[in-house]
Amino acid sequence: MPRSVSPSIPEKEFLVSALQQSLRLDGRSVVELREPQLTFGPELGWVECAMGKTRVMASIEAKMMRPAPDRPYEGMINIQSEISPMASSEYEQGRTSDEEVTITRMLDKVLRRSDALDKESLCIVAGQRVWSLKVTIQFLSDAGNMLDCACLAGIVALRHFRKPEVQVEGEEVIVHPPESRAPLPLAIHHSPLCFTFALYSFQRLSSVQTKGGTSSSEQQPNISTVPSGSFSTHQTFALLDPSTLEETLAHGTLSVALNAQSEICVLQKNGGVPLDQDTILRLVDVAVGKAKEIETLVDRRLQEDWDERRLELR
């Protein structure tokens with residue numbers, strides 16, 4: 001497996017200098033998202049999401065099976081994801097990376113454990129037949145922040161998917177094809193979206209005494225990758241939707257999963273960058289505003305796709 005090339009010292013210094021001026025290398029503001037691009041496939045539940053050059057594909061497959069003995073009235077949701085070398089040469093086929101484990105766990109929390117989908121609506125015959133949904137996430141290209149892109153692709157795929165209409169006659173279960181009866185949408189309570197902030201902790205610029213006796217603040221900031229726990233001597237920066245370089249140089253991340261109704265589903269922090277309560281609340285407020293914008297975008301794209309398909313909606 002080829003080892004990833006570490007960023008050079010000039011790249012680190014340039015990033016630090018840009019951060020202190022509230023600038024980013026791609027021209028975005030510190031709280032600006034790369035606009036998501038949603039592409040729907042010929043099958044219901046097939047969605048490709050692109051954020052910049054980061055591309056993720058999600059697909060939904062449904063089949064009938066027996067429910068779990070302890071949950072006879074609930075259907076099941078299984079999430080399968082794998083980062084292959086197609087996304088980046090840093091990943092190896094068949095070997096699970098730490099990033100893949102983190103993304104898979106977060107996807108499970110956001111899509112399954114957040115109760116976004118009503119599992120009881122997947123029940124056909126209590127204790128005998130339920131729908132089992134398989135959500136497959138495939139990472140096509142890694143240009144930074146694959147987690148947010150994967151979460152968006154997954155929830156849009158669930159909203160785009162339609163399950164066949166089922167009729168129960170005695171002990172017989174009849175599945176009607178889409179040609180005879182229009183398929184039914186899933187019962188989705190809310191649409192959780194994930195927003196990741198890259199965190200940085202750099203030493204504050206201190207005034208140094210020059211030979212002439214005057215003070216100067218041209219001292220280069222500390223660009224060590226080991227963050228400090230002191231609020232008084234270090235500055236903390238947060239960037240929304242980090243690129244590959246910004247992710248590599250980050251000292252930590254904060255991922256917030258919430259919906260457009262400002263309900264937080266998951267809040268996960270990695271790394272040792274200290275954050276006080278006010279900073280976390282400010283980042284959550286930023287995520288709430290972005291969630292409302294993306295919710296509007298998703299609704300519009302889904303309606304456009306249904307208009308093109310001209311299917312009967314229920």
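Residues numbered from 1 in each chain as written. Predicted model: local features only at pLDDT ≥ 70, side-chain atom pairs only at ≥ 80, totals over all residues. Heavy atoms only, no water.

S.K.: An account of the overall build of the protein is needed here, citing residue identities and associated values.
M.R.: Secondary structure assignment for the protein yields 5 helices and 16 strands. Here the analysis covers contacts within the protein between residues at least 6 apart in sequence; of these, 76% occur between residues at least 24 apart. Accessible surface, the protein: about 16,400 Å² in total, of which carbon and sulfur atoms supply 47%. (Helix = DSSP H or I, 4+ residues; strand = E, 2+ residues; numbered from the N terminus. Contact = heavy atoms within 4.5 Å. Areas by Shrake-Rupley, 256 points an atom, 1.4 Å probe, with all protein chains shown as cover.)

S.K.: Any details on the packing of helix H3 (residues 146-160) against helix H5 (residues 277-309)? Residues and values, ideally.
M.R.: A packed helix pair is summarised by two numbers, namely the angle formed by the two axes and the spacing between the axes. The N-to-C vectors of H3 and H5 enclose an angle of 40°; their axes lie 11 Å apart at closest approach. For the element pair H3 / H5, the angle class is oblique. Judged by the twist between their axes, the crossing of H3 over H5 is right-handed. Side by side, H3 and H5 meet where Leu152, Val156, Arg159 and His160 of the first sit next to Ile294, Glu295, Val298, Asp299, Leu302, Asp305, Trp306 and Arg309 of the second. Residues that form the contact of H3 with H5 fall into these classes: 6 nonpolar, 1 polar and 5 charged. (Axes fitted to C-alpha atoms, helices over the stretch in contact; angles between N-to-C directions. Parallel < 35°, antiparallel > 145°, perpendicular 65-115°, else oblique. Left-handed = near helix turned anticlockwise from the far one by under 90°. Nonpolar A, V, L, I, M, F, W, Y, C, P; charged D, E, K, R; others polar.)

S.K.: Break down the confidence of the model for the protein for me, citing the residues and quoting the values.
M.R.: Summarising the model, the protein shows a mean pLDDT of 85, and 87% of its residues fall at 70 or more. Per-element confidence in the protein ranges from a low mean pLDDT of 38 for strand S12 (residues 208-209) to a high of 97 for strand S2 (residues 47-51). Within the model, pLDDT remains below 50 along residues 206-232, and this stretch shows 42 contacts once partners closer than five positions in the same chain are excluded. (pLDDT = per-residue confidence, 0-100.)

S.K.: Please give an account of the pairing of strand S15 (residues 252-258) that cites residues and values.
M.R.: A large share of S15 lies buried, amounting to 6 of its 7 residues. With antiparallel pairing between neighbouring strands as the criterion, S15 and strand S16 (residues 264-271) make up a hairpin whose turn holds 5 residues, including Ser262 at a positive phi of roughly 65°. (Buried < 20%, exposed > 50% of the residue type's maximum accessible area, 1.4 Å probe, protein only. Pairing = 2+ DSSP bridges.)

S.K.: Could you give an account of the pattern of salt bridges, with specific residues and numbers?
M.R.: Counted according to the given criterion, the structure contains 14 salt bridges. For the salt bridge of Asp26 with Arg28, the shortest nitrogen-to-oxygen distance reads 2.7 Å. Taking the shortest distance from any N to any O, the salt bridge between Asp241 and Arg34 comes out at 2.8 Å. On the criterion of sequence distance, the pair formed by Asp241 in the loop between strand S14 (234-240) and helix H4 (244-249) and Arg34 in the loop between helix H1 (9-19) and strand S1 (36-40) is long-range, its members being 207 residues apart. Take Asp241: its relative accessible area is 0%, and that puts it in the buried class. (Salt bridge = Lys/Arg side-chain N within 4 Å of Asp/Glu carboxyl O.)

S.K.: Could you give an account of unusual backbone geometry, with specific residues and numbers?
M.R.: Backbone geometry places Asp115, a non-glycine residue, at a positive phi of 60°. Turning to its location among the elements, Asp115 is positioned in the loop between helix H2 (98-112) and strand S5 (123-125). Of note, the phi angle at Asp241 is positive, near 55°, even though the residue is not glycine.

S.K.: Outline the pairing of S16, listing residues and values.
M.R.: When S15 meets S16, the two strands line up antiparallel, connected through 7 bridges. For Gly252, the partnering residue across the bridge sits in S16 and is Gly271.

S.K.: I'd love a proper account of the environment of Ile60, names of residues and values included.
M.R.: Checked against the element boundaries, Ile60 lands in strand S3 (residues 54-65). C-alpha of Ile60 to C-alpha of Leu44: the two residues are 16 residues apart in sequence and 7.9 Å apart in space. Leaving out residues up to four positions away in the same chain, Ile60 has contacts with Gly45, Leu133, Lys134, Val135, Ala157, Leu158 and Phe161.

S.K.: Lay out the packing of H2 against H3 with the relevant residues and their values.
M.R.: Running from amino to carboxyl end, H2 crosses H3 at an angle of 35°, the nearest separation of the two axes being 10 Å. Along this stretch, H2 crosses H3, giving a crossing that reads as right-handed. Contacts between H2 and H3 involve Glu99, Ile103, Met106, Leu107, Val110 and Leu111 from the former and Met146, Leu147, Ala150, Cys151, Gly154 and Ile155 from the latter.

S.K.: Give me the lowdown on H2, citing residues and values where you can.
M.R.: Counted at 1.5 Å a residue, the expected span for H2 with its 15 residues is 21 Å, and the 21 Å between its end C-alpha atoms agrees. Inspection of H2 places Glu100, Ile103, Met106, Leu107, Asp108, Val110 and Leu111 among the buried residues, and these make up the whole buried set. (Expected span 1.5 Å × (residues − 1).)

S.K.: A description of the nonpolar core should follow, citing residues and the corresponding values.
M.R.: Residues Phe139, Leu152, Val156 and Phe195 are the most contacted members of the largest nonpolar core, which totals 63 residues. Considering each element in turn, this core owes the most residues, 11 residues, to H3. Once residues within four sequence positions are removed from consideration, Leu152 is found in contact with Pro36, Leu38, Cys49, Leu193, Ile294 and Val298. If you look at the next biggest cluster of nonpolar residues, it comprises 10 residues, including Leu19, Phe237, Leu239 and Ala250. (Core = buried A, V, L, I, M, F, W, Y, C linked by side-chain atoms within 4.5 Å.)

S.K.: Describe the environment of Trp46, listing the residues and the values that go with them.
M.R.: Structurally, Trp46 can be placed in the loop between S1 and S2. Residues Trp46 and Phe161, 115 residues apart in the sequence, show an inter-C-alpha distance of 7.7 Å. Dropping the residues within four chain positions of it, Trp46 is found in contact with Thr39, Phe40, Gly41, Met57, Ala58, Ser59 and His160.

S.K.: Go over the side chain of Ser114 with me, naming the residues and quoting the values.
M.R.: For Ser114, the location among the structural elements is in the loop between H2 and S5. You can call Ser114 buried: its relative accessible area is 15%. Aside from chain neighbours lying at most four places away, what touches Ser114 is Lys109, His190, Pro192 and Cys265.

S.K.: Break down H3 for me, citing the residues and quoting the values.
M.R.: Between its terminal C-alpha atoms H3 stretches 21 Å, which fits the 21 Å expected from 15 residues at 1.5 Å a residue. Counting buried positions along H3 yields 14 of 15 residues, so the element is predominantly enclosed.

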